[in-house]
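Coordinates in review
These are the residues of each chain, in order.
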Amino acid sequence: MLILGIETSCDETAAAVVADGRRVLSSVVATQFELHAAYGGVVPEIAARRHLESILPVIQGALDQAGVAAPEIDGLAVTQGPGLIGALVIGMAVGKALALAWNRPLAGVHHLQAHILAAFLTENPPEFPFVALVVSGGHTNLYRVRDFQQMDLLGRSRDDAAGEAFDKVAKLLHLGYPGGVIIEKLARQGNPKAFHLPRPRIHAEPLTFSFSGLKTAVALQVTKNPEVLTDPGIQADLAAGFQEAVVDCLVSRAFLALEETGCQRLVVCGGVAANGRLRQVLQEKAAAEGCELFLPPLNLCTDNAAMVAAAGYHRLIAGERLDLSADVFSRG
Ligand code: KG4
Ligand code: ZN
């Protein structure tokens, strides 16, 4: 069963063709980061306009790359939310129009479920149940995943998401946008122990994340030591210290969730799961604890439409159809 996936929740316009929720035949991602870089973050109005320009060529590119003609597509899947409303409506309008024109069923997909189901687009997918840590620009959520649709929320960030913290700290250090990749690169040259940064935790809610205090601690260091902005060595030390603190917070909670649920399998996904240091620490800890770790390849961690097609496939085979009057949602 061939599903065309469409993703426009933030600043990537993406389309993909996936067979049976498992095999990626094509995955095209048109990133907009150069458009938003000048503003230091995603500007929703600009994102929506660019989605409108890119969406049809991106879809055509995905069909061409897969060597598939439109009539061979069995169903469509589109991200319904959460995300930027103006951006989501572009993908949704195109998904509905193609579903009508091609007379094919359409599934509305939850973006975070799609991130989790990216783990099934690999050679070695996880068995249920497992714990999933979704770390993206908008979310830091821990789930116990029972099947393709049943996911119980175990914990989340009470303030900034991990990716958002990377982006904000990059801005504080005048490093530009998008922050995650830039900080990771800089941190390789830094000493993570040079600065003492907090690992905020909420004692009554051990699976809750909080990153705003860490961001404030970095801001304080910048105020106290202005050379952080001019001395590349010190800047790298602070970037490394910040990254290490985020990694500690993520890894400790993910393994606590495994302990609390009795699960032996951990999926880590979303844009921040592309971070090399996070992947390394997770791999070391998983080996030490004897748990199975599932890390999608980098291009399936950051936003893409293959994961949307995979999630849509499971909705469609369960008989679910998106009502063509259904709307997108920004939160949830
Ligand atoms: O999942 P994603 O592509 O989009 C959302 O759904 O938000 O995640 C984007 C986030 C951004 O905050 C970006 O800075 C972060 O993922 N990110 C990274 C890395 N690559 C992307 N953070 C840390 N290290 C990376 N290598
Ligand atoms: Zn995402």
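Computed from a prediction, not measured in an experiment: that's the story for all the values here. (Residues numbered from 1 in each chain as written. Chains lettered and ligands numbered in written order. Predicted model: local features only at pLDDT ≥ 70, side-chain atom pairs only at ≥ 80, totals over all residues. Heavy atoms only, no water.)

Digging into the coordination of the zinc ion (ligand 2)
For a metal bound by four donors in a tetrahedral arrangement, the ideal donor-metal-donor angle is 109.5 degrees, while six donors in an octahedral arrangement ideally sit at 90 or 180 degrees. Heads up, the condition is: Only nitrogen, oxygen and sulfur atoms count as donors, using a 2.8 Å cut-off from the metal that widens to 3.2 Å for Na, K and Ca. Water is left out, so coordination shells may look unfilled. Helix and strand labels come from DSSP, where a helix needs a run of H or I of at least four residues and a strand needs a run of E of at least two; each type is numbered from the N terminus. Think of it in three bands: residues with accessible area under 20% of the maximum for their type are buried, residues over 50% are exposed, and the middle band is partly exposed, with areas taken using a 1.4 Å probe on protein chains only.
At this site the zinc ion (ligand 2) is bound by His111 (NE2), His115 (NE2) and Asp303 (OD), with donor distances of 2.0 to 2.1 Å. Mapping the donors of the zinc ion (ligand 2) onto the primary sequence gives the spacing H-x3-H-x187-D. Of the two residues, histidine 111 and histidine 115 are both situated in helix H4 (residues 111-117); the distance of 4 residues between them amounts to about one turn of the helix. The exposure class of histidine 111 is buried, given its relative accessible area of 6%.

Thoughts on helix H7 (residues 212-224)
What sets the pattern is the α-helix's 3.6 residues per turn: residues three or four places apart point alike. Filter applied, for reference: In this scheme, a helix's expected span is set at 1.5 Å multiplied by one less than its residue total. The reported arc concerns the directions from the helix axis to the C-beta atoms and nothing else. The contact definition used throughout considers only heavy atoms, calling two residues in contact when any of these lie within 4.5 Å.
The first and last C-alpha atoms of H7 sit 18 Å apart over 13 residues, in line with the 18 Å expected at 1.5 Å per residue. Along H7, the residues that are buried comprise Leu214, Lys215, Ala217, Val218, Gln221 and Val222. Angularly, the buried residues of H7 cover 155 degrees about the axis, an arc narrow enough to put them on a single face. Within H7, the exposed residues directed more than 90 degrees away from the buried face are Leu220, Thr223 and Lys224. Contacts made by the buried residues of H7 are with helix H5 (162-172) and helix H8 (232-261).

Things to note about the pairing of strand S5 (residues 106-110)
The test is simple: Paired strands are those between which DSSP finds at least two bridges. By definition, the crossover connecting two strands over a helix is right-handed if that path, from the first strand to the second, turns clockwise as seen with the strands pointing away from the viewer.
Among the 5 residues that make up S5, 5 are buried, leaving the element largely enclosed by the rest of the structure. Burial along S5 is two-sided: Leu106, Gly108 and His110 facing one way and Ala107 and Val109 facing the other are all buried. One ladder, built from 5 bridges, connects strand S4 (residues 75-81) with S5; its direction is parallel. Each bridged residue has a counterpart across the sheet, and for threonine 79 the counterpart in S5 is valine 109. Considered for its hand, the β-α-β crossover made up of S4, helix H3 (residues 85-102) and S5 is right-handed.

Here's the deal with the packing of H8 against helix H9 (residues 276-289)
Applied cut-off: Note on method: axes are straight lines fitted to C-alpha atoms, helices fitted across the in-contact stretch only, with angles between N-to-C directions ranging 0 to 180 degrees. Left-handed describes a crossing in which the near helix is turned anticlockwise from the far one by less than a right angle; the clockwise case is right-handed. Throughout this entry, Asp, Glu, Lys and Arg are counted as charged residues, while Ala, Val, Leu, Ile, Met, Phe, Trp, Tyr, Cys and Pro are counted as nonpolar. The remaining residues, Gly among them, count as polar.
Closest axis-to-axis distance for the H8/H9 pair is 10 Å, and the angle between their directions is 35 degrees. In this structure, the crossing between H8 and H9 has a hand that is right-handed. Facing Gln243, Glu244, Val247, Leu250, Val251 and Phe255 of H8, the residues of H9 in contact are Arg277, Leu278, Val281, Leu282, Lys285, Ala286 and Glu289. A per-class count over the contact of H8 with H9 returns 8 nonpolar, 1 polar and 4 charged.

Here we look at the side chain of serine 210
Put simply, the rule reads: Two N or O atoms count as a polar contact when they lie within 3.5 Å, although within protein this holds only if one can serve as hydrogen donor and the other as acceptor, and sequence-adjacent residues are included solely when both atoms are side-chain atoms.
Along the chain, serine 210 turns up in the loop between helix H6 (179-187) and H7. Residue serine 210 is classed as buried on the basis of its relative accessible area of 11%. Within the local environment of serine 210, its side chain forms a polar contact with the side chain of aspartate 159, the two groups lying 2.7 Å apart. The contacts of serine 210, once residues within four sequence positions are left out, are Ser157, Arg158, Asp159, Pro200 and Ile202.

As for the site of ligand 1
Rules: In this text, near means that some heavy atom of the residue lies within 4 Å of the molecule or strand in question. In this description, accessible areas are obtained by the Shrake-Rupley approach with a 1.4 Å probe, and a residue is regarded as covered only by the protein chains that are shown. In this document the domain limits rely on a domain assignment from an automatic tool or a database.
Near ligand 1 lie 18 residues; those nearest to it are Gly137, Asp167, Glu184, Gly271 and Asp303. Interatomic distance of 2.7 Å between a side-chain N/O atom of glutamate 184 and a nitrogen atom of ligand 1. Relative to its free-state accessible area of 550 Å², ligand 1 is covered by the protein chains to the extent of 89%. Elements represented by at least two residues in the shell around ligand 1 include exactly H4, H5 and H6. Taken together, the residues of the shell around ligand 1 break down into 4 nonpolar, 11 polar and 3 charged. Shared between two domains, the shell around ligand 1 takes at least three residues from each, and those domains are domain 1 (2-117 + 301-317) and domain 2 (126-295).

Remarks on the pattern of salt bridges
As a reminder of what qualifies: Salt-bridge detection follows one rule: a side-chain nitrogen of Lys or Arg within 4 Å of a carboxyl oxygen of Asp or Glu.
Summed over the entire model, instances satisfying the criterion amount to 12 salt bridges. Two residues, arginine 188 and glutamate 184, come together in a salt bridge whose shortest N-O distance is 3.6 Å. On the accessibility criterion, arginine 188 (60% relative accessible area) is exposed. The class of glutamate 184 is buried, set by a relative accessible area of 15%.

Here we look at the domain arrangement of the protein chain
The following threshold applies: A quick way to say it: buried area is the sum, across both parts, of accessible area lost when two parts are put together, with a 1.4 Å probe.
Examined at the domain level, the protein chain breaks down into domain 1 (2-117 + 301-317) and domain 2 (126-295). Taken over C-alpha atoms, the centre of domain 1 sits 26 Å from the centre of domain 2. Counting residues at the interface gives 18 residues for domain 1, matched by 21 residues for domain 2. Buried surface at the junction of domain 1 and domain 2, summed over both partners, amounts to about 1,600 Å²; 72% is from carbon and sulfur atoms. Linking domain 1 to domain 2 there are 0 salt bridges. Elements supplying a minimum of two residues to the side of domain 1 that touches domain 2: helix H1 (33-37), H4 and helix H11 (306-317). No other element matches H4, which puts 5 residues into the side of domain 1 that touches domain 2. Classifying every residue of the side of domain 1 that touches domain 2 gives 9 nonpolar, 7 polar and 2 charged.

Points about the pairing of strand S1 (residues 2-7)
Judged by how many residues are buried, S1 sits mostly within the fold: 6 of 6 residues are covered. From the end of S1 to the start of strand S2 (residues 12-19), which pair antiparallel, there are 4 residues. Pairing analysis gives 4 bridges linking S1 to S4, with the strands arranged parallel. Note on S4: the bridge partner recorded for isoleucine 3 is glycine 75.

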